[in-house]
Amino acid sequence: MSTGINRRQFVQAGLAAGIASQVSVARARSAAKPDVIVIGAGLSGLNAASLLEELGARTVVLEARERAGGRLFSHSSVAGNPEWGGDSMLGGYARMQDMGRRLNLKLIDHAGRREMSPEAHSDPRRVELALNGSIIPLEDWADHPLNAMPPGARSRFPGRGFFQGEIGKHNPLASFADWVKPGSARYDQSAYDFFKGLGWSDAAIELNYNTNVQYGTSAHDVSILMWYFVQAWFKLQGDVARVAYKVDGGNQRFPEAMAASLEGEVHYGKQVVGIRSDKSGAQVHCYDGSVYRASRVVCSLPIPTMRWVKFDPLLPPLKAKAIRTVQVQRITKVIMVPTSPFWEDDGLSPAMWTDGDAGEVRALREGEDHNEITSLMAWGRGHLADRLDTLGDESAQQHVLKAYEALRPAARGKLELAGIKSWQSDPFAGGDWAIWAPGQVTESLPALIEPAGRIHFCGEHTATANRGMEGAMESGERAAFEVAKLL
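Residues numbered from 1 in each chain as written. Predicted model: local features only at pLDDT ≥ 70, side-chain atom pairs only at ≥ 80, totals over all residues. Heavy atoms only, no water.

**Here we look at the overall build of the chain**
Along the chain, the regular secondary structure elements total 16 helices and 20 strands. Here the C-alpha atoms of the chain give a radius of gyration of 23 Å, agreeing with the 23 Å that 2.2 N^0.38 yields for 487 residues. Projecting the C-alpha coordinates of the chain onto the three principal axes gives extents of approximately 75 × 50 × 40 Å. A buried classification covers 58% of the 487 residues belonging to the chain. (Helix = DSSP H or I, 4+ residues; strand = E, 2+ residues; numbered from the N terminus. Rg over C-alpha atoms; globule rule 2.2 N^0.38 Å. Buried < 20%, exposed > 50% of the residue type's maximum accessible area, 1.4 Å probe, protein only.)

**With respect to the nonpolar core**
Buried together is how nonpolar side chains tend to be arranged in soluble globular proteins. Ranked by internal contacts, the top residues of the largest apolar core, which has 146 residues, are Tyr209 and Trp227. Of all the elements, helix α8 (residues 224-240) adds the most residues to this core, at nine residues. With near-sequence residues (within four places) excluded, Trp227 lies in contact with Phe163, Gln164, Ile167, Ala191, Tyr209, Gln214, Tyr215 and Val222. (Core = buried A, V, L, I, M, F, W, Y, C linked by side-chain atoms within 4.5 Å. Contact = heavy atoms within 4.5 Å.)

**Looking at the confidence of the model for the chain**
The predicted model of the chain averages 92 in pLDDT, with 91% of residues at 70 or higher. Contacts from residues 1-7, a stretch scored under 50 in pLDDT, to residues over four places away or in other chains number eleven contacts. Taken together, the stretch residues 10-31 has pLDDT below 50 and engages in 21 contacts with residues farther than four places along the chain or on a different chain. (pLDDT = per-residue confidence, 0-100.)

**Structural notes on the pairing of strand β2 (residues 59-63)**
In terms of burial, β2 is largely enclosed, as five of its five residues are buried. Of the two faces of β2, the one holding Thr59, Val61 and Glu63 and the one holding Val60 and Leu62 are both buried throughout. In this structure, strand β1 (residues 36-39) lies alongside β2, joined through four bridges in parallel fashion. The residue of β2 that forms the bridge with Val38 is Val61. Handedness of the crossover is the feature at issue here: the chain leaves β1, passes through helix α3 (residues 43-54), returns alongside β2, and the resulting connection is right-handed. Sheet topology note: the β2/strand β7 (residues 266-268) ladder contains three bridges and is parallel. In the strand pairing of β7, Val61 is matched with Val266. (Pairing = 2+ DSSP bridges. Right-handed = clockwise from strand over helix to strand, strands pointing away.)

**Re the sheet that holds β7**
Taken in spatial order, the five strands make up an open sheet running β7-β2-β1-β11-β20, and their pairing is parallel. Each edge of the open sheet carries a strand with a single partner, namely β7 and β20 (455-457). Recorded for the sheet is a direction-independent mean angle of 20° between the axes of neighbouring strands. Along the sheet, helix α16 (residues 468-484) contacts β1, β11 (296-299) and β20; its crossing angle with β20, the most-contacted strand, is approximately 155°. (Axes fitted to C-alpha atoms, helices over the stretch in contact; angles between N-to-C directions.)

**Some details on the environment of Met89**
You can see Met89 is positioned in the loop between β2 and α4 (94-102). A residue is classified by how much of its surface remains accessible, and Met89, at 0% relative accessible area, is buried. Between the C-alpha atoms of Met89 and Lys181, which are 92 residues apart in sequence, the distance is 27 Å. Among all residues touching Met89, those that are not within four sequence positions of it are Met96, Leu107, Val243, Ala244, Tyr245, Val247, Asn251, Phe254 and Met469.

Now the structure itself:
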């Protein structure tokens, strides 16, 4: 997991002098403009800018929002600073952990504060199962009429904990890194076909995958090849170290510190609408009419945002197709703060896994007392996120609260709404993490990675060895080294 760090040290030790000398020539030609324009002040863009500066390049970062962080966004007005976006740095997040140390950020391990196995009936961190408007005692689940679990698994709690284990048992990849190799293309098929191949009924797929869907909107629109990678990658994180770090004060402090550490400026409120690239250099046009010029551009924009950027010349056909067709996860979160421990009144866990409009509800323990529940976060993904979005922010929050209270009468009057975040309604995100449909791992992922003229691309959707925050850092590192060799 130290590949990125070693690579940086190697380049700094052996190649930095040569690259820096080339950069100094570029500066002499035009001292008034940067060498590289980085679009986006999320983790990928900031890591690219940071590495380029270490290698001697001069950068400017353009960010459409009035803050750094992209899809890292902490709710600082709620105890524990719950995360609207990325919430944990796992054991193999070498780049994130290294950067955190360099920035003197305090990382707190929250692994012991999460819900335990749903089957742990007596554990206060268990998760309740609620289907068709009623909570099902876990001891009754095996013989319950709503139990559609596959044969031999009727006692298992449904959802990703179960089906990811099944994917792991049948994962044909020798290494999680093999998912991008040409020989793996034969596995680039739907998750639905995979589960049907195991003998699952449609009801079992609906219960386990499509309810509180984690990737996509259903098992039909997600590649099982992506899942082979994801499942093996998550297993590796636990094998390295069973940790879940969060930055003291919220994960948003991480990109803020990265932005503050740059020598070049970060210009906020700069929504990019056009990028031009020719033999003489690159131009970036912003909505406010400002134009930036440099030798190279690093574009870390999310896929949906790139759909509204005019590229001149047009992007290569496969890249343009990927930007138009690769989807990102639709997710809407609602935070509720308990005013009293109502779960002590009904003897149930406040965390629930439901097939209703409350979605998946997690009990967050993010205060100084590791056992204190600081807030509840309801996750609506896929079509549930769409449904909530049609209601508007205020009505959607009330809707989720009422759905929760209908299942938990003891909670009535004991929860306060604390906010909502729809990532697909965010004009500068359009959703969250990238989702690879059948066939897209093989065709679209390589296309998204490839440079186009003087424009280089990064973002978690271009990562091949990691997901999430670490994937964003990996992609920024790759783009930085691509550019540095050409300056």
